[in-house]
Amino acid sequence: MGRVFSGAVLAFLSPLAAAQNQINMSPGVTEIGADIFELHMLIMWICVLIGVAVFAVMFYSIYAHRKSKGHQASQFHESTKVEVAWTVVPFLILIAMAVPATSTLLEVYDNDEAELDILITGYQWKWKYEYLEESGEPVAFFSNLVTSQEEIYNTDEKGDNYLLEVDEPLVIPTNTKVRFLVTANDVIHSWWVPEIAVKRDAIPGFINEAWTRVPEEGIYRGQCTELCGAYHGFMPVEVHAVSRDEFDAWMAAKRGAAAAQTQLAMQTLSVDGLMDLTGKDDG
Amino acid sequence: MGEHHHGPAQGISRWLFTTNHKDIGTMYLWFSFAMFLLGGFFAMVIRAELFQPGMQLVEPGFFNQMTTLHGLVMVFGAIMPSFVGLANWLIPMMVGAPDMALPRMNNWSFWILPPAFLMLASTLFMEGGAPAFGWTFYAPLSTTYAAPSVTFFIFAIHILGVSSIMGSINIIATVMNMRAPGMTYMKMPLFVWTWLITAFLLVAVMPVLAGAVTMMLMDIHFGTSFFSAAGGGDPVLFQHIFWFFGHPEVYIIILPAFGVVSQIIPAFSRKPLFGYASMVYATASIAFLSFIVWAHHMYTVGMPIAGELFFMYATMLIAVPTGVKVFNWISTMWRGALSFETPMLFCIGFLILFTLGGFTGLMLSIAPADFQYHDTYFVVAHFHYVMVAGAVFSMTAAVYYWLPKWCGRMYNEAMGRTHFWISFIGFNITFFPQHFVGLAGMPRRIPDYALQFADFNMMSSIGAFIYGASQLLFLYNVIATVVAGKPISDEKVWDGAEGLEWTVPTPAPYHTFEEPPLVPKPAGTI
Ligand code: HEM
Ligand SMILES: [Cu+2]
Ligand SMILES: [Cu+2]
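Residues numbered from 1 in each chain as written. Chains lettered and ligands numbered in written order. Predicted model: local features only at pLDDT ≥ 70, side-chain atom pairs only at ≥ 80, totals over all residues. Heavy atoms only, no water.

Caption draft 1: Spotlight on the site of ligand 1. All names here are of chain B. As a matter of local geometry, ligand 1 sits amid 23 residues, with Trp135, Asp370, His374, His382 and Arg444 nearest to it. The separation between an oxygen atom of ligand 1 and a polar side-chain atom of Asp370 is 2.6 Å. Between ligand 1 and His374 there is a distance of 2.8 Å, counted from an oxygen atom to a side-chain nitrogen or oxygen. For the shell around ligand 1, the secondary-structure elements that each account for two or more residues are α8 (235-269), α11 (342-365) and α13 (377-407). For the shell around ligand 1, the per-class residue count stands at twelve nonpolar, nine polar and two charged. (Near = heavy atom within 4 Å. Polar contact = N/O pair within 3.5 Å; in protein donor to acceptor, adjacent residues only side chain to side chain. Helix = DSSP H or I, 4+ residues; strand = E, 2+ residues; numbered from the N terminus. Nonpolar A, V, L, I, M, F, W, Y, C, P; charged D, E, K, R; others polar.)

Right, dumping it as structure tokens:
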């Protein structure tokens, strides 16, 4: 109980508690994230204003027009004028909302001219990332949850990134337009990273598009957001945005590893050679 | 007139074979309350597991069975049948008819429900467990990847659909044909209007739901590929069909609730409903719009931008007639002579919280923002504000309001008010923080969550236990009233109540309006 109350109080009062008991959407790090956040705040404040006005009238009436205070009921019961007014005015407010909503949506849908394409495939219950590039060794890997069963079943202390950590994160370069091609292998999943404001359903047999341009280096975490079976809660997304140089180095290392793998697979080996390679010599 | 006023048959056959709208209404109401408790029990399991991060009580697979059954039981077992029960009791009495138009079918519409739910609940004990794909049962999780019990789920949905369609046809037939002379359409109480429109919605969309589950059945057992891309089908097609049913469905749930509130607020304001005609038109426009907004549940499936824009604009439009209703209710209260008995308290609770849910609905309708909200706890908060604080609060108000008429006994007012306050507070402790965790990034339908969501989830669970417990008080109050409440005999239980149902004796006799009444003046207008 104590924790509940202190939590609630902290959440409202202390900006320090932001990460702990965040109560609002995060503007994130991308331009689109910021636009969506502003849109969200705009609509929310309009709703708050309307709500305050409407409830003020209601509470005044509850206070002033009580029978217990001897208030006599009037019998008025219609007015075409006010009905028209409260149909037309909200309609105009909606048009005012639709304008920024439309322009933000157009931005979200602007998938052209990406500098890097990444194919994201949802599996029960992990993500697979494939860098789609014309040349070079293909780079592809799975990304699995690494939080231990002991942490989940409460026999071990839970780490800071409990349920939000993976063995191999997706690595993307900053300040680069990255296009995600999202699909799934079995059931529908949905790939979401709140901080970069990308959420796209991963649908088996179809490919969806989304894009981002991350200006800041950092680690961004998210989760699958479409119920996809028993372990739906256990397939997080972890994105590392790194500088272009770092990205290239990472890519080269990945390619090297991939090349070594391919070479290995292509080699024609004698039995002895195979023995050497696996280090298993029963001689 | 009435040579032999026969009463009900005795014993169990009274209930099995009854064609009396009041008996059938009573059975619907008790059945839906039982389902409310069952669905509530599932919710308690969910909230207990979510009390703290980590897995404590159940396994993830079972958790999904709980969320699925909770949703299905609450929507199809608790809310929908409860309003059908209310319609059975009230529509004949409100339009001055002796019974429903099709009484034998009425008996069937009810009696096929309990076996359907028994079958649905029995899936819990089947190999592979109960359905675990959410109440929205998206394919292919609900087809290729579902437990074998899905076939029983499909059969149960079919039966529920048949029951709803029969119930709706009955309501349409009653309202169209059985109104007392002088009861013109624009004199009908709003509850009758909202149910008439709801019945049309039901007749239109339940067959679509039946189609969806039949296609699932074919995919599972007969080798078709409606929803599988591998065979030329499309999983997104399922969502289009489901939500073509599903969005009108949410209005099927809320329109009768609007009707209830439109009866009760004038009664305790002692003033006619403001804008009767505009209420009727607003209800009809909401019903119309509800058919062309379904894809607002699917903003992230990758629709073309033209589709996104169309569904966004259409959805935003729903805020207009919804706003008109709220403004009319408040104008009804304005300069009335208000008193705050339990039914009125629940209606005011409805007014405040439903409006909040409408606001979050408007936020969700903004497609680009929905990319951040979709499938998070923000959506969970939204629909509980409209479905629990909307539909369930209004249903509760209805029971307190009409129960004295039905059984000729007064409920305990102090206990009723206590029930309201505990519900109101418990509800908000449960669901308000869910807006926060949703915005902060917590997905829905997960059995375990990251540590930053811990405090608000604990709060939510505590609120849920409070809200849950307060329903037992409600149950107790109703039983105590029926068995030993203070007898009353005034025809008008409430001094401000208007309408034909208040002109018959209290308690309402087994048969009413065997002779059509004179319709003195329009209910809700002057
Ligand atoms: C002003 C009116 C309303 C608007 C504009 C609105 C809008 C929306 C939108 C856009 C969503 C989809 C959110 C998402 O999944 O990302 C949604 C979800 C939902 N709404 Fe509403 N809504 C309104 C009123 C209602 C009412 C009256 C009800 C029911 C009584 C309702 C029940 C639901 C339910 C059950 C869901 C979630 C379905 C699910 O995914 O499980 N809404 N609403
Ligand atoms: Cu998932
Ligand atoms: Cu909807």
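From this point on, the discussion continues.
Caption draft 2: The arrangement of the coordination of the iron atom of ligand 1 in detail. All names here are of chain B. Coordination of the iron atom of ligand 1 by the protein involves just one donor, His382 (NE2), at a distance of 2.2 Å. The distance between the iron atom of ligand 1 and the copper ion (ligand 3) comes to 4.6 Å. In this fold, His382 is placed in helix α13. (Donors = N, O, S within 2.8 Å, 3.2 Å for Na, K, Ca; no water.)

Caption draft 3: Examining helix α10 (residues 305-333) of chain B more closely. With 29 residues, α10 of chain B ought to run about 42 Å at 1.5 Å a step, and its terminal C-alpha atoms sit 43 Å apart, in line with that. With its phi angle positive at about 55 degrees, Arg335 of chain B sits one or two positions after the end of α10 of chain B. (Expected span 1.5 Å × (residues − 1).)

Caption draft 4: Structural view of the interface of chain B and chain A. Counting from both sides, the interface comprises 98 residues of chain B and, opposite them, 96 residues of chain A. Surface buried jointly by chain B and chain A totals about 8500 Å² across both partners, of which 70% is contributed by carbon and sulfur atoms. Linking chain B to chain A there are zero salt bridges. Here chain B is connected to chain A by 27 residue pairs in polar contact (both at pLDDT 80 or more). Counting residues per element, the ones that place at least two in the side of chain B that touches chain A are α3 (60-95), α8, α10, α11, α12 (367-373), α14 (413-439) and α15 (454-484) of chain B. Ranked by residues supplied to the side of chain B that touches chain A, first place goes to α10 of chain B with 16 residues. Taken together, the residues of the side of chain B that touches chain A break down into 64 nonpolar, 21 polar and 13 charged. (Contact = heavy atoms within 4.5 Å. Buried area = accessible area lost by both parts, 1.4 Å probe. Salt bridge = Lys/Arg side-chain N within 4 Å of Asp/Glu carboxyl O.)

Caption draft 5: Main features of the coordination of the copper ion (ligand 3). Residues and elements named next belong to chain B. Taken together, His247 (ND1), His296 (NE2) and His297 (NE2) make up the full set of protein donors to the copper ion (ligand 3), lying 1.8 to 2.0 Å away. The motif formed by the donor residues of the copper ion (ligand 3), counted along the single chain, is H-x48-H-H. For His296, a relative accessible area of 13% translates into the label buried. (Buried < 20%, exposed > 50% of the residue type's maximum accessible area, 1.4 Å probe, protein only.)

Caption draft 6: Layout of the environment of Ile318 of chain B. In this structure, Ile318 of chain B sits in helix α10. Once the C-alpha coordinates of Ile318 of chain B and Ile197 of chain B are considered, the two residues, 121 residues apart in sequence, prove to be 16 Å apart.

Caption draft 7: A look at the packing of helix α3 (residues 80-108) of chain A against α10 of chain B. For the pair α3 of chain A and α10 of chain B, interaxial distance at closest approach is 9 Å and the crossing angle is 150 degrees. The angle between α3 of chain A and α10 of chain B places the two elements in the roughly antiparallel class. For the pair α3 of chain A and α10 of chain B, the crossing hand works out as right-handed. (Axes fitted to C-alpha atoms, helices over the stretch in contact; angles between N-to-C directions. Parallel < 35°, antiparallel > 145°, perpendicular 65-115°, else oblique. Left-handed = near helix turned anticlockwise from the far one by under 90°.)

Caption draft 8: Just the sheet that holds strand β4 (residues 170-173) of chain A, in detail. Residue and element names in this part refer to chain A. The sheet built from five strands is open, its strands ordered β4-β10-β9-β6-β7 with mixed pairing. Bordering the open sheet on either side are β4 and β7 (198-202), each of which pairs with just one other strand. Mean inter-strand twist for the sheet, computed between neighbouring axes without regard to direction, equals 25 degrees. Here strand β6 (residues 189-193) pairs with β7 via five bridges, running antiparallel. (Pairing = 2+ DSSP bridges.)

Caption draft 9: Representation of the domain arrangement of chain A in the model. Residue and element names in this part refer to chain A. Assigned domains within chain A: domain 1 (2-67 + 77-108) and domain 2 (116-263). Relative placement of domain 1 and domain 2: their C-alpha centres are 33 Å apart. Contact with domain 1, which involves nine residues of that partner, is made by ten residues of domain 2. Approximately 720 Å² of surface area, both sides summed, lies buried where domain 1 meets domain 2, with 58% of it carried by carbon and sulfur atoms. On the domain 1 side of the contact with domain 2, Val29, Thr30 and Val108 bury the most area, a combined 61% of that side's loss. There are zero salt bridges connecting domain 1 and domain 2. Joining domain 1 to domain 2, the criterion identifies four residue pairs in polar contact (both at pLDDT 80 or more). Elements that contribute at least two residues to the side of domain 1 that touches domain 2 include exactly α2 (31-64) and α3. Of all the elements, α2 adds the most residues to the side of domain 1 that touches domain 2, at three residues. Residue classes in the side of domain 1 that touches domain 2 are distributed as four nonpolar, four polar and one charged. (Domains from an automatic or database assignment.)

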